[in-house]
Amino acid sequence: MPRKVVQGPIRDKEKTKQKLLAAVGKILRVKGYSGLKVSKIAAVAGFDKKLIYEYFGSTDKLIDEYIKSQDYWSKFSPDIEEEIQVGKGKEALTQGILMQFESLKKNKELQKIILWELSESKPILKNILKQREDVAANLFENVTDPYFGENATNVRAMLALIAAGVYYLNLFPAYNGTEFCGIDMRTDEGRGEVEKVIVEIIDHYYKTKKAKG
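Keep in mind it's a predicted model, so treat the numbers as computed, not measured. (Residues numbered from 1 in each chain as written. Predicted model: local features only at pLDDT ≥ 70, side-chain atom pairs only at ≥ 80, totals over all residues. Heavy atoms only, no water.)

> An account of the environment of Ala136 is requested, with residue identities and associated values reported.
Here Ala136 shows up in helix 9 (residues 123–148). With 20 residues separating them along the chain, Ala136 and Arg156 place their C-alpha atoms 9.7 Å apart. (Helix = DSSP H or I, 4+ residues; strand = E, 2+ residues; numbered from the N terminus.)

See below:
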């Protein structure tokens, strides 16, 4: 049977929602988070601002949905049980960090969101941070903590430093310079060196910090 094509109000509503979400991204790129006002979002999308309230409930909920669509860790949800069963916890963790490193380089809107998180305290930002922590907690509790046992907290600290480095080494060259510790973070060679060290550190911990017994 041919696939049924959805038409009418439902399809129009979805298209309108996508245009409103796209308007949030455009404003972030051009004006930054200070430009995310309801009237501005509506104007950029080409709709009456009443549709923001009708389709999302509030401007904050619209922005929250946009942030979720961009945030890597909010979407990173590997099949933890399967990874454990086939012994690929290390690979899943390493690839997740490397993909975030590359994703953040390309995603200018996410860069703006992270800068926003560092400069203001807002419920909408605390919500997305909590979601990231929930994903991390699931990863720790099901993958790294059982493997490392008494060294689990030490491993979490190592991953915190790597995650912070992933953020900073993408934000710094995007705004204020090209080199950090003499490594040009805008070149494939420079980024490749960082990626190689990330792999080496995680591999070292898996070899030396495994729980005894």
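> Got a sec to walk through the packing of aromatic side chains? Specific residues and values, please.
As enumerated under the stated definition, the model contains 7 aromatic pairs in all. Each ring, one from Phe148 and one from Tyr206, has its centre 4.8 Å from the other, and the planes form 70°; the classification is edge-to-face. Residue Phe148 is found in helix 9, and its partner Tyr206 is found in helix 11 (residues 188–208); the two are separated by 58 residues along the sequence. Judged by its relative accessible area of 9%, Tyr206 is buried. (Phe/Tyr/Trp six-rings, centres within 6.5 Å; stacked < 30°, edge-to-face > 60°. Buried < 20%, exposed > 50% of the residue type's maximum accessible area, 1.4 Å probe, protein only.)

> Just give me the short version of the packing of helix 7 (residues 89–106) against helix 11, but keep the residues and values in it.
When two helices pack together, their arrangement is given by the angle between the helix axes and the distance between those axes. Between helix 7 and helix 11, whose axes approach to 10 Å, the crossing angle comes to 155°. Taken as axis vectors, helix 7 and helix 11 run roughly antiparallel relative to one another. The element helix 7 and its partner helix 11 pack so that their crossing is right-handed. Where helix 7 abuts helix 11, its residues Gly89, Lys90, Leu93, Thr94, Ile97, Leu98, Phe101, Glu102 and Lys105 lie against Asp188, Arg191, Val194, Glu195, Ile198, Val199, Ile202, Asp203 and Tyr206. (Axes fitted to C-alpha atoms, helices over the stretch in contact; angles between N-to-C directions. Parallel < 35°, antiparallel > 145°, perpendicular 65-115°, else oblique. Left-handed = near helix turned anticlockwise from the far one by under 90°. Contact = heavy atoms within 4.5 Å.)

> Describe in detail the UniProt feature "DNA-binding region" (unreviewed entry) in the protein, supporting the description with residues and values.
When the UniProt feature table is mapped onto this chain numbering, "DNA-binding region" (unreviewed entry) sits at residues 37–56. Helix makes up 75% of residues 37–56 and strand 0%, whereas the separation of the span's terminal C-alpha atoms amounts to 14 Å. (UniProt positions renumbered as here; feature names shortened; annotations may be inferred.)

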